[in-house]
Amino acid sequence: MQYIFDIFVKNGFVVALLVTGVIMYVSSQVSEKITLKKIPGSAIAIIAGLILAYIGGVSTGGKNGAADIVGLSGLTILGGSMFRDFTIVSTAMGASFLEIKKSGVVGILSLFIGFYFHFLLVPQLLLQWGTRMLKVLPP
Amino acid sequence: MLVYGVAILAGCYLIGQIIGQLLGRVLNIDANVGGVGFAMLFLILVNQWMHRKKWFTKEMESGIEFWNKMYIPVIVAMSSIQNVKGAISSGMVAVLAGIIPTAICFFMIPYISKLSKSKMKD
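This structure is a prediction, so every number in the text was calculated from the model and none was measured.

Enquirer: Looking at this model, I keep getting lost on the overall build of chain A. Mind explaining?
Expert: Along chain A, the regular secondary structure elements total six helices and zero strands. Overall, chain A shows an N-to-C arrangement of helices and strands of α-α-α-α-α-α. Scaling as 2.2 N^0.38, a compact globule of 139 residues should have a C-alpha radius of gyration of about 14 Å, whereas chain A reaches 19 Å, well beyond that. Once the C-alpha set of chain A is aligned to its principal axes, its extents read approximately 60 × 40 × 35 Å.

Below is the structure:
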């Protein structure tokens, strides 16, 4: 048995690709068959990922969610900041300045509104409410 | 060659990261400020410039397209390595910090889209 785990640990990144693919597939099936496409498969997949992270956290007591489970450590590479930023940048491919210009002031306004609520106002209020949130944030 | 497209993406990414880091240094923040945004800007510019010169082949485009499509899987992988247990066990504050601003922004969408429609008529 041990040698199978060894292969998983050694090829962590490839395992992560497989696991993510399976999550995506199951989620898209759930989206299609159960929610009748009312909820997109990607949203269900993200929630499934969070549930997996919770299971990982509870079962191992670690801080890295599912990546603490033996053999799934490769998820830290695939889900790390490098690939996240790299893939976000690639989504700019289809964008054109003409379309961005069309959204104009309203587009920039909505960007700032989102930033204001998510990073300034609500966290500020909650911090004053109870400082326990500090424990969750990375040091 | 497919890898040329990926290399262009990688180059834009790295230049963006360097500029973001430099901006962080100038602003005296030990962080990358807008690195991803600069990288996206470069990719759009390089893309348009190379299209005009007709250097950009279909195959190069599919190299970038692949990473474009990997975005959601990467986010799913990212969600699976979050400290969910820590977030839940530290009380409702962390959960509320996510839900409240999202709900506020969600309910603002109709008003903002109204704003943009009235603008387009002008």
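Enquirer: Can you walk me through the domain arrangement of chain A in this structure?
Expert: Put simply, an interface is often sized by how much accessible area is lost when its parts join up. The assigned domain composition of chain A is domain 1 (1-94) and domain 2 (96-139). Computed from C-alpha atoms alone, the centre-to-centre distance between domain 1 of chain A and domain 2 of chain A is 26 Å.

Enquirer: It is not clear to me how the confidence of the model for chain B should be interpreted in this structure. Could you clarify?
Expert: Residues shown with low pLDDT carry predicted positions that ought not to be read at fine detail. A residue-level look at chain B finds 95% of positions with pLDDT of 70 or above and a mean pLDDT of 86. Per-element averaging of pLDDT across chain B places helix α6 (residues 92-121) of chain B at the bottom with 80 and helix α4 (residues 71-79) of chain B at the top with 93.

Enquirer: Would you explain the interface of chain B and chain A in this entry?
Expert: Counting residues at the interface gives 55 residues for chain B, matched by 57 residues for chain A. The junction of chain B with chain A conceals about 4900 Å² of combined surface from both sides, 81% of it contributed by carbon and sulfur atoms. Taken as a group, B:Tyr13, B:Ile81 and B:Lys85 account for 12% of the area that chain B buries against chain A, more than any other trio of residues on that side. On inspection of chain B and its partner chain A, the count reaches zero salt bridges. Our count for the chain B to chain A interface comes out at six residue pairs in polar contact (both at pLDDT 80 or more).

Enquirer: Please explain helix α3 (residues 41-60) of chain A as it appears in this structure.
Expert: Every α-helix carries 3.6 residues per turn, so stepping three or four residues along brings you back to the same face. Taking 1.5 Å of rise per residue, the 20 residues of α3(A) would be expected to cover 28 Å, and the 28 Å separating its terminal C-alpha atoms lies within 8% of that figure. Among the residues of α3(A), A:Gly41, A:Ile44, A:Ala45, A:Gly49, A:Ala53, A:Gly56 and A:Gly57 are the ones counted as buried. The secondary structure elements touched by the buried residues of α3(A) are α2 (12-33) of chain A together with α4 and α5 (84-89) of chain B. Looking one or two places after α3(A), you find A:Gly61, whose phi comes out positive at around 75°.

Enquirer: Can you walk me through the packing of aromatic side chains in this structure?
Expert: Taken as a whole and judged by the stated rule, the model has eight aromatic pairs over all chains. Connected via pairs of aromatic rings, a cluster forms that spans A:Phe13, A:Phe83, A:Phe86, B:Tyr13, B:Phe66 and B:Trp67.

Enquirer: I would appreciate a short explanation of the layout of surface pockets in the present structure.
Expert: A water-sized probe, rolled over the atoms, reveals where empty space remains. All names here are of chain A. Considered as a void within the structure, the second largest pocket measures approximately 150 Å³ in volume. Lining the second largest pocket are Ser 110, Leu 111, Phe 112, Gly 114, Phe 115, His 118 and Phe 119. Looking at the lining of the second largest pocket, its residues break down into four nonpolar, three polar and no charged.

Rules behind the numbers
Residues numbered from 1 in each chain as written. Chains lettered and ligands numbered in written order. Predicted model: local features only at pLDDT ≥ 70, side-chain atom pairs only at ≥ 80, totals over all residues. Heavy atoms only, no water. Helix = DSSP H or I, 4+ residues; strand = E, 2+ residues; numbered from the N terminus. Rg over C-alpha atoms; globule rule 2.2 N^0.38 Å. Domains from an automatic or database assignment. pLDDT = per-residue confidence, 0-100. Contact = heavy atoms within 4.5 Å. Buried area = accessible area lost by both parts, 1.4 Å probe. Salt bridge = Lys/Arg side-chain N within 4 Å of Asp/Glu carboxyl O. Polar contact = N/O pair within 3.5 Å; in protein donor to acceptor, adjacent residues only side chain to side chain. Expected span 1.5 Å × (residues − 1). Buried < 20%, exposed > 50% of the residue type's maximum accessible area, 1.4 Å probe, protein only. Phe/Tyr/Trp six-rings, centres within 6.5 Å; stacked < 30°, edge-to-face > 60°. 1 Å grid on protein atoms, 1.4 Å probe; cavity = no way out; pocket = protein on both sides within 12 Å on 5 of 7 lines; lining within 4 Å. Points joined across faces, edges and corners; volume = space filled by probe spheres on them. Nonpolar A, V, L, I, M, F, W, Y, C, P; charged D, E, K, R; others polar.

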